Amino acid sequence: RYMHWLAQTIDMIKPTNLFFIGGRGSAKTVQILSKRFMDISKEMPGAFVSISADTYMNAVKNILPNLIKGWELNGWIEGIHFVVDTKPPKHFKKPHKSVLNWKHTLTTYHGTHFKIISQDRPSAGAGDSYQHNGGDEAKYLNEKKLDKISQASRGEFVRYHKSPYYLGSTFTTDMPNTNLGEHDWILSMEENMD
């Protein structure tokens, strides 16, 4: 009830794939991405979700703090509803497969495991399976490197196939400026609009 009308509309539609371009200050991360990731966590408990960023530093300094702020504004409390870079407490449900390293991750009490994939070290996402892919500041993300992560969208059909988010993507950004070396691949997603 505290979201702006566009975030509410997205929340009601629940598209499998969301590629959102919004102006600066349009609460892309705090309202849209964070709420959607909360919903994915509830819809697909124990799933693995990739969060792509151009660099790990950008993820840690800019994206994750706003994502966490959105979760907190929606009532989630760190240590009770989610943890960052640490093994979850015993009251959390478990992810659908074992996790040996909790660094560079967020885990929710539903057991949903969000793994940060930095494009400066794309091998960090190799060999895993993700039931949803996402990222913020998509204008900084290289499409060819994202394609490697999207190839890892697979698995757990029986467990999650009824969710509208299963094998989908969520990417948000403001308008890319190719004159500054930013990537505009997200503009081509308009052709897939249904």
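These notes cover the structure that comes with them. Worth saying up front: this structure is predicted, and the values here are computed from it rather than measured. (Residues numbered from 1 in each chain as written. Predicted model: local features only at pLDDT ≥ 70, side-chain atom pairs only at ≥ 80, totals over all residues. Heavy atoms only, no water.)

The subject of this paragraph is the pairing of strand S1 (residues 17-21). Alternating residues of S1 divide into Leu18 and Phe20, all buried, and Asn17, Phe19 and Ile21, none buried. Inspection of the sheet shows S1 paired to strand S7 (residues 168-173) by five bridges, in the parallel sense. Across the sheet, the residue bridging to Asn17 is Ser169, located in S7. (Buried < 20%, exposed > 50% of the residue type's maximum accessible area, 1.4 Å probe, protein only. Helix = DSSP H or I, 4+ residues; strand = E, 2+ residues; numbered from the N terminus. Pairing = 2+ DSSP bridges.)

Right, let's get into the side chain of Thr108. Following the sequence through the fold, Thr108 ends up in strand S4 (residues 105-108). Excluding anything up to four places from it in sequence, Thr108 contacts Ser41, Trp71, Trp76, His81, Phe82, Phe92 and Phe114. (Contact = heavy atoms within 4.5 Å.)

With that out of the way, let us pick up the environment of Gly181. Mapped onto the fold, Gly181 is located in the segment after S7. Since its relative accessible area comes to 53%, Gly181 is described here as exposed. Each C-alpha atom, one on Gly181 and one on Tyr140, is 8.5 Å from the other, the two residues being 41 residues apart in sequence.

Now for the nonpolar core. Counting residues in hydrophobic clusters, the biggest one holds 23 residues, and the most contacted among them are Phe37, Met44, Leu67, Trp71, Leu106 and Phe114. Sorting the residues of this core by element identifies helix H2 (28-43), strand S2 (48-53), helix H3 (56-73) and strand S5 (113-118) as the ones contributing at least two each. Look past the residues within four positions of Leu67 in its chain and what remains in contact with it is Thr29, Leu33, Ser34, Phe37, Ile51 and Leu106. By size, the runner-up hydrophobic cluster in this structure holds seven residues, among which are Phe48, Val99, Trp102 and Ala152. (Core = buried A, V, L, I, M, F, W, Y, C linked by side-chain atoms within 4.5 Å.)

This part covers H3. Its 18 residues place the ends of H3 24 Å apart at the C-alpha level, agreeing with the 26 Å of an ideal helix rising 1.5 Å per residue. In the structure, H3 departs most strongly from a straight axis at Ile63, where the bend amounts to approximately 40 degrees and where the proline Pro65 lies between one and four residues downstream. All buried positions along H3 are accounted for by Asn58, Ala59, Ile63, Leu64, Leu67, Ile68, Gly70 and Trp71. Among the structural elements, H2, S2, strand S3 (82-84), S4 and S5 are those in contact with the buried residues of H3. (Expected span 1.5 Å × (residues − 1). Bend = angle between axes of the 7 residues up to and from the residue.)

Once that is clear, we can look at the packing of aromatic side chains. Under the counting rule described, the total for this entry stands at nine aromatic pairs. Geometrically, the ring pair formed by Trp76 and Tyr109 is edge-to-face, given 5.6 Å between the ring centres and 75 degrees between the ring planes. With Trp76 in the loop between H3 and S3 and Tyr109 in the loop between S4 and S5, this pair connects stretches of sequence that are 33 residues apart. Look at Trp76 and you get buried, because its relative accessible area is 5%. Ring centres 5.6 Å apart and planes at 85 degrees place the aromatic pair Phe171 and Trp185 in the edge-to-face group. Here Trp185 lies in the segment after S7 and Phe171 lies in strand S7, a separation of 14 residues in the sequence. Trp185 matches Phe171 in its accessibility class, with the two residues each being buried. Taken together, Phe37, Trp71, Trp76, Phe82, Tyr109 and Phe114 form an aromatic cluster joined through their ring pairs. Looking at Lys97, its charged tip hangs above the ring of Phe48, at a distance of 4.7 Å from the centre. (Phe/Tyr/Trp six-rings, centres within 6.5 Å; stacked < 30°, edge-to-face > 60°. Lys NZ or Arg CZ within 6 Å of the ring centre and 35° of its normal.)

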